[in-house]
Structure formats: structure tokens, C-alpha cells
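Survey of secondary and tertiary structure
Residues per chain, in single letters:
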Amino acid sequence: MTDQPIHVIHENPEWLPPFERAFAVRGEAFVDLDLSDGAIDLAAEPPAGLFYNRMSASAHSRGHRYSPEYASAVIAWLEAHGRPVINGSGAISLEVNKAAQLAKLKRAGVPVPRTVAALGDARVAEAAKLWDEGPVIVKPNRGGKGLGIQLFEDAREVVERAAAGTLQGSIDGITLLQDYIATADGSVTRAEFIGGKLFYAVRIDTGGTFELCPADVCAPEEAEATGGPVFTVVENAVEPAFQASIERFLADGGIDIAGVEFARDAQGRPFVYDVNTNTNYNPDAEAAAGVSAPQALVDYLIRERNRRLAAPKVAAGRG
Ligand SMILES: Nc1ncnc2c1ncn2[C@@H]1O[C@H](COP(=O)(O)OP(=O)(O)O)[C@@H](O)[C@H]1O
Ligand SMILES: [Mg+2]
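Residues numbered from 1 in each chain as written. Chains lettered and ligands numbered in written order. Predicted model: local features only at pLDDT ≥ 70, side-chain atom pairs only at ≥ 80, totals over all residues. Heavy atoms only, no water.

So, the coordination of the magnesium ion (ligand 2)
Glu-261 (OE) and Asp-274 (OD) make up the full set of protein donors to the magnesium ion (ligand 2), lying at 2.0 to 2.4 Å. One end of the pair, Glu-261, is in strand S12 (residues 257-264); the other, Asp-274, is in strand S13 (residues 270-276), and 13 residues separate them in sequence. (Donors = N, O, S within 2.8 Å, 3.2 Å for Na, K, Ca; no water. Helix = DSSP H or I, 4+ residues; strand = E, 2+ residues; numbered from the N terminus.)

This is the structure in C-alpha cells:
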């Protein structure tokens, strides 16, 4: 099997240990494909094996401004050579583009908050002038870790801030103006899908913050002490028709693994506002529930590698 290794595409080594441990449990090594830099020779055959893409939209916040663009190039090359890529080109294109996520979610029948994607502050102001009364969110189209999310009591404030040039921008120049989903209890839900199927859902009691990265390394002790977000694995949090619509969206988009975030309004209706194709799992929530998504994910990768690449490598006669 070692001639068909599993490669992990990423740019943040800090997020790898849970997966390293899960590979070790199965006695399997993986190839670390860190795309914080690199070069590929397009005339060359890519290495053999199965590839798993964990490139993150927030790469720029770790000094890797162009790693997602580079990952797109690498993934296109791999796919052109027929290499199986888990979370391939479909995933990387949505990871860095919330507007595309929302458009495709809606098309698959998944409810999403009303959103305008605007290029430039003048267009943000125009949209904000016409917005209904009530709270509104302004967020970068290329998001990650809750960075740059701004909540306003009313869209009129957004008009003023846009005119003053004091709105936080997005790395891709596109700003989203979005209805704020006011929840009854301040919690949101993150549903984790592995192999395109729901694995579990976690309730996130946000504690008022928008920075909700579930990974252990994202929870500095001060944040925990001051009551940062709390993650709990919950049962029956995704009703069957809603789950089916999200699974349809994932299948249509060629996305195998994703954390899909949604909030429920006062009437309990869910709205999906974020899809994380690079997803991290909260170890405390998993320990309390006795489940391991990293293990399920690694087992899925091994199964897919064995299923898709089990046949002997291309037979004789190849040039
Ligand atoms: N439309 C919304 N209504 C209510 N809360 C929202 C909305 N959009 C974002 N949030 C809050 O902000 C957090 C971060 O927003 P998100 O779109 O997930 O960005 P990121 O990609 O940075 O995680 C969410 O987890 C949620 O708590
Ligand atoms: Mg999010």
C-alpha cells in the first residue's frame, strides 16, 4: 500500500496533530504537503497516491496570503493527471468564496440569510441604504476564524461607515452585507460531514464572540478563562430534510468533508451562513461525547485510497 500514500495538503502544521494521531492509530504514515510555499513542474507526473486538501480560507492570517491560489493550481494539476483529491477543486473554490457558497447552497435548497456581495465601499453603502431595519452583518467574502466580522444594529450605520472608509475589507475586495440571524440563546450549530454524510453536530455557545475556530490551538487559556465559545456534541440538531439538502449541496459541489455552520432564528428556522471545507474538531466536545471525527476522517481517507487505488498501478505498456 505504501506505493499509494495519502498526501495532506495544508498550510498550517498546528492543525495537523489530531490527524497525525489518527493515522498513527491505523499504523499508516502520510505525506505532509505544506503549501506555504513550493513549485510544481507541470511537465512532470504528480506523485502517486490519494490527496486530501485542507487548505484554509484564513491562510492569509498566518502570512500565507497566496497559498489558497497556489493550492488551486496544484489541485488542478493533480486532477488533470487523474489523481483522486478529497476536497478537490470544488472545495477549494468554495473555501475562499462565501458568495459562491451561498449561491450554491441556495440552489441545493438550503436556506441562507439574505446577502449582497459588493465590490467596493460605494456599493456596500448603496445596498445598505436599501436594507430592511434591524441588525446586519458585514463580513469578508474570503473569511476564516471569524476575522473581520462586524455586527451593526442597523444598516444605516453601515452607510456611514462605508462613507467614512472605516469598514474592514476583504482580502479579495468583496464585502458581504448579510441579515443577522438573531438566535434565541446565542448558540449556533456546526454540522460536520465526512464522506458527504453527516457525522455529528456541535452546538457552539458563542459567548458573544465571532471567532469560533474549534481547534485546540485556537483556544488560548485567557479566552477559556473569560468564557470563550463552548462546544458540545448534540443529537438531533439537523432535521432530516435540512440534512438532505446540505448533503445534496456537498455532492453537487464535489465536497467530501465540511463543517457547515447555521443559526436558527426566533422561529427556529435554520439558515446556513458558512461552509468550512477545511474543518477542525473540538477535542473537549469529542471527549465528552466519546467520538472522534479525526479518526472517522482518516478511516474514510484510507477506505477511499484502498477503493480508488487498490488496483495494481497502470500495467505494462505505459510510455
Ligand atoms: N448572518 C449571521 N447571523 C448571525 N450570526 C452570524 C452570521 N454570520 C456570521 N455570524 C457569526 O459570526 C461567526 C463567524 O462568521 P462566519 O461567516 O462563520 O465567518 P468565518 O468564515 O470567519 O468563520 C459565526 O460563527 C456566527 O457566530
Ligand atoms: Mg465560520
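Focus: the nonpolar core
Of all hydrophobic cores here, the largest spans 32 residues; its most connected members are Tyr-281, Leu-297 and Leu-301. Considering every element that reaches this core, the biggest residue donor is helix H10 (residues 293-309), with eight residues. Each of domain 1 (6-95 + 301-309) and domain 3 (182-292) gives at least three residues to this core. Leaving out residues up to four positions away in the same chain, Leu-301 has contacts with Ile-6, Phe-23, Leu-50, Tyr-52 and Ile-86. Core analysis: the next-biggest nonpolar cluster, separate from the first, contains 25 residues, Val-110, Ile-246, Phe-249 and Phe-262 among them. (Core = buried A, V, L, I, M, F, W, Y, C linked by side-chain atoms within 4.5 Å. Buried < 20%, exposed > 50% of the residue type's maximum accessible area, 1.4 Å probe, protein only. Domains from an automatic or database assignment. Contact = heavy atoms within 4.5 Å.)

Comments concerning unusual backbone geometry
In this structure, Lys-145 takes a positive phi of about 60 degrees despite not being glycine. Mapped onto the elements, Lys-145 comes out in the loop between strand S6 (136-140) and strand S7 (150-152). The partly exposed category is assigned to Lys-145, whose relative accessible area is 31%. For Asn-236, which is not glycine, the phi dihedral falls at a positive 50 degrees. Here Asn-236 shows up in the loop between strand S11 (230-234) and helix H8 (240-253).

Focus on the packing of helix H1 (residues 17-25) against H10
At a closest axis distance of 9 Å, the pairing of H1 and H10 adopts a crossing angle of 60 degrees. In terms of orientation, H1 and H10 fall into the oblique class. The crossing of H1 and H10 is right-handed. Facing Pro-18, Phe-19, Ala-22, Phe-23 and Val-25 of H1, the residues of H10 in contact are Pro-294, Gln-295, Leu-297, Val-298 and Leu-301. Here the residues of the contact of H1 with H10 are counted per class, giving nine nonpolar, one polar and no charged. (Axes fitted to C-alpha atoms, helices over the stretch in contact; angles between N-to-C directions. Parallel < 35°, antiparallel > 145°, perpendicular 65-115°, else oblique. Left-handed = near helix turned anticlockwise from the far one by under 90°. Nonpolar A, V, L, I, M, F, W, Y, C, P; charged D, E, K, R; others polar.)

With respect to the site of ligand 1
In the vicinity of ligand 1 there are 18 residues, among which Lys-98, Lys-139, Gly-146, Glu-261 and Asp-274 approach most closely. At 2.9 Å from a nitrogen atom of ligand 1 is found a main-chain nitrogen or oxygen belonging to Asp-179. Within the contact set of ligand 1, an oxygen atom lies 3.0 Å away from a side-chain nitrogen or oxygen of Tyr-273. Isolated, ligand 1 exposes 540 Å² of accessible area, and the fraction of that covered by the protein chains is 96%. At the level of secondary structure, the elements contributing two or more residues to the shell around ligand 1 comprise S6, strand S8 (174-179) and S13. (Near = heavy atom within 4 Å. Polar contact = N/O pair within 3.5 Å; in protein donor to acceptor, adjacent residues only side chain to side chain. Areas by Shrake-Rupley, 256 points an atom, 1.4 Å probe, with all protein chains shown as cover.)

Quick look at the pairing of S6
Counted residue by residue, S6 has five buried out of five residues, so it is predominantly covered. Burial of the side chains of S6 extends over both faces: Val-136, Val-138 and Pro-140 are buried on one face and Ile-137 and Lys-139 on the other. Note that S6 and S7 share three bridges and pair antiparallel. Each residue of the ladder has a partner; that of Ile-137, found in S7, is Leu-151. By the bridge criterion, five bridges tie S6 to S8 in an arrangement that is antiparallel. Bridging from a neighbouring strand, Val-136 pairs with Asp-179 of S8. (Pairing = 2+ DSSP bridges.)

Concerning the sheet that holds strand S9 (residues 187-194)
Here five strands make up an open sheet; going across it, the order is S11-S10-S9-S12-S13 and the pairing antiparallel. With one partner strand each, in any of the chains shown, S11 and S13 form the two edges of the open sheet. Each strand of the sheet is rotated relative to its neighbour by a mean of 30 degrees, with strand direction disregarded. Looking at chain direction, S12 and S13 are connected through six bridges and run antiparallel. Residue pairing across strands places Ala-263 opposite Phe-271, the latter belonging to S13.

Re helix H2 (residues 67-80)
For H2, built from 14 residues, the straight-helix expectation of 20 Å at 1.5 Å per residue is met to within 8% by its first-to-last C-alpha distance of 20 Å. Buried residues of H2: Ser-67, Pro-68, Tyr-70, Ala-71, Val-74, Ile-75, Trp-77 and Leu-78, and no others. For H2, the secondary structure elements touched by its buried residues are strand S1 (6-10), strand S3 (50-53), strand S4 (85-86) and helix H3 (89-95). At the exit of H2 stands Gly-82, carrying a positive phi of roughly 75 degrees. (Expected span 1.5 Å × (residues − 1).)

Observations concerning the domain arrangement of the protein
The assigned domain composition of the protein is domain 1 (6-95 + 301-309), domain 2 (115-179) and domain 3 (182-292). The C-alpha-based centres of domain 1 and domain 2 are spaced at 33 Å. Residue-level contacts link nine residues of domain 1 with six residues of domain 2. A buried area of about 620 Å², summed over both sides, lies between domain 1 and domain 2, and 54% of it is on carbon and sulfur atoms. Of all residues in domain 1, the largest losses of buried area upon contact with domain 2 belong to Ala-57, His-60 and Arg-65, amounting jointly to 52% of the total for that side. Put simply, domain 1 and domain 2 have one salt bridge between them. A salt bridge links Arg-142 to Glu-69, with the shortest nitrogen-to-oxygen separation between them at 2.7 Å. The interface formed by domain 1 and domain 2 holds two residue pairs in polar contact (both at pLDDT 80 or more) in total. (Buried area = accessible area lost by both parts, 1.4 Å probe. Salt bridge = Lys/Arg side-chain N within 4 Å of Asp/Glu carboxyl O.)

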